[in-house]
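Structural overview for review
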Amino acid sequence: MNLQGKKQEINDYCMFDTLDTYFCFSAQPVLTGQLTLEHEQQLVRQEAKTWIAAKVAETPALQQYLDNWGDWEPWP
């Protein structure tokens, strides 16, 4: 397998994977009752998403992550 010239693509993939893992683990306190679903959603939608958006200038690939962002709506 020739990975020549793929360093940035691999780096971006790893960064996206790390963000996805963070969001998976951020749900754990909700499952254990340490955090309300509403508070977790606020952290994700407002704080984490805002932080990611602020980093786009220095890490342009994050725009792709935001372009594919989908706000999860919990069922009633």
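What counts, and at which threshold
- Residues numbered from 1 in each chain as written.
- Predicted model: local features only at pLDDT ≥ 70, side-chain atom pairs only at ≥ 80, totals over all residues.
- Heavy atoms only, no water.
- Axes fitted to C-alpha atoms, helices over the stretch in contact; angles between N-to-C directions.
- Helix = DSSP H or I, 4+ residues; strand = E, 2+ residues; numbered from the N terminus.
- Parallel < 35°, antiparallel > 145°, perpendicular 65-115°, else oblique.
- Left-handed = near helix turned anticlockwise from the far one by under 90°.
- Contact = heavy atoms within 4.5 Å.
- Disulfide = S-S within 2.5 Å.
- Buried < 20%, exposed > 50% of the residue type's maximum accessible area, 1.4 Å probe, protein only.
- Core = buried A, V, L, I, M, F, W, Y, C linked by side-chain atoms within 4.5 Å.
- Expected span 1.5 Å × (residues − 1).
- Arc of directions from axis to C-beta.
- pLDDT = per-residue confidence, 0-100.

Let us look at the packing of helix α1 (residues 7-26) against helix α3 (residues 37-54). Where α1 meets α3, the axes come as close as 11 Å, and the angle between the chain directions of the two elements is 160 degrees. With respect to α3, the axis of α1 lies roughly antiparallel. The two elements α1 and α3 cross, and the hand of that crossing is right-handed. The residues of α3 that touch α1, namely those facing L19, Y22, F23 and S26, are E40, V44, A48 and I52.

Moving on: the state of the cysteines. Overall, the coordinates contain zero disulfides when judged by the stated rule. Here C14 is not cross-linked by a disulfide; its sulfur's nearest cysteine counterpart is in C24, at 16 Å. Assessed through its relative accessible area of 57%, C24 is described here as exposed.

To continue, consider the nonpolar core. Membership of the largest hydrophobic core is limited to twelve residues, which are F16, L19, F23, V44, A48, I52, V56, A61, L62, Y65, L66 and W69. Elements that contribute at least two residues to this core include exactly α1, α3 and α4 (62-67). Excluding residues that lie within four positions of it along the chain, F23 makes contacts with V44, A48, I52, Y65 and W69.

With that settled, the discussion passes to α1. It helps to recall that an α-helix has 3.6 residues per turn; residues three or four apart then point in one direction. Given a rise of 1.5 Å per residue, 20 residues ought to cover 28 Å, and the 29 Å separating the end C-alpha atoms of α1 matches this to within 8%. Those residues of α1 lying buried are D12, F16, L19, F23 and S26. Here the buried residues of α1 occupy an arc of 85 degrees about the axis, which is enough to place them on one side. Facing away from the buried surface of α1 by more than 90 degrees, the exposed residues are K7, Y13, T18, C24 and F25. Residues of α1 that are buried sit in contact with α2 (28-31), α3 and α4.

Turning our eyes to something else, we now look at the confidence of the model for the protein chain. Averaged over all residues, the pLDDT of the protein chain equals 89, while 93% of them reach at least 70. Confidence, expressed as mean pLDDT per element, reaches its minimum in the protein chain at α3 with 91 and its maximum at α4 with 95.

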